[in-house]
Structure formats: C-alpha cells, structure tokens
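Each chain is listed here by its residues.
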Amino acid sequence: RSLGDKPFCVGIHMSLADISAVVALSYLDFRFPEIDWRTPHPNLLRLHDKLVSRQSFVDTVPQG
C-alpha cells in the first residue's frame, strides 16, 4: 500500500529496494506460479512490469 502512485519504492529513482522487490516477485513466479500476488497487489504489479522491461533485467533473465 505504501508504494501507492510512487514511481519507485523509495523516492523518484530506482534503488536497491526496487531491485530486491522485483527479484523476489520474479522468484515467486518461477518457484510458486500458483501464488497469485498480482491481483491483490496492483501497485507491485505495476512496479514489476515496469522494471522487468528494462534492458538490464531482460539481459539477466535466467536461461534454462
């Protein structure tokens, strides 16, 4: 809830908090796809979708 309309977890720039949140959410998708975190947390979904489209995240998606 505290994420609200903010562009990032803390302030107006991407930080380690944002990277950590996206990595944790992506891990949930990978290991526990049956857990629907998206529906009850639309602000996290917005953050996740915004950051995973960044080239740095695209380049480091695990293969295999």
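No experiment lies behind these values; they were computed from the predicted model shown. (Residues numbered from 1 in each chain as written. Predicted model: local features only at pLDDT ≥ 70, side-chain atom pairs only at ≥ 80, totals over all residues. Heavy atoms only, no water.)

## Some details on the confidence of the model for the protein chain
Of all residues in the protein chain, 98% have pLDDT values of 70 or greater, and the mean over the chain is 93. Taken element by element, the predicted model of the protein chain shows its lowest mean pLDDT in helix 3 (residues 55–58) (94) and its highest in helix 2 (residues 42–52) (96). (pLDDT = per-residue confidence, 0-100. Helix = DSSP H or I, 4+ residues; strand = E, 2+ residues; numbered from the N terminus.)

## Observations concerning the layout of surface pockets
If you add up the space inside the largest pocket, you get close to 400 Å³. Forming the boundary of the largest pocket are 14 residues, of which Ser26, Tyr27, Thr60, Val61 and Pro62 lie nearest the centre. Sorting the residues of the lining of the largest pocket by element identifies helix 1 (16–31) and helix 2 as the ones contributing at least two each. For the lining of the largest pocket, the element with the most residues is helix 1, which contributes 6 residues. For the lining of the largest pocket, a count of residues per class yields 8 nonpolar, 5 polar and 1 charged. (1 Å grid on protein atoms, 1.4 Å probe; cavity = no way out; pocket = protein on both sides within 12 Å on 5 of 7 lines; lining within 4 Å. Points joined across faces, edges and corners; volume = space filled by probe spheres on them. Nonpolar A, V, L, I, M, F, W, Y, C, P; charged D, E, K, R; others polar.)

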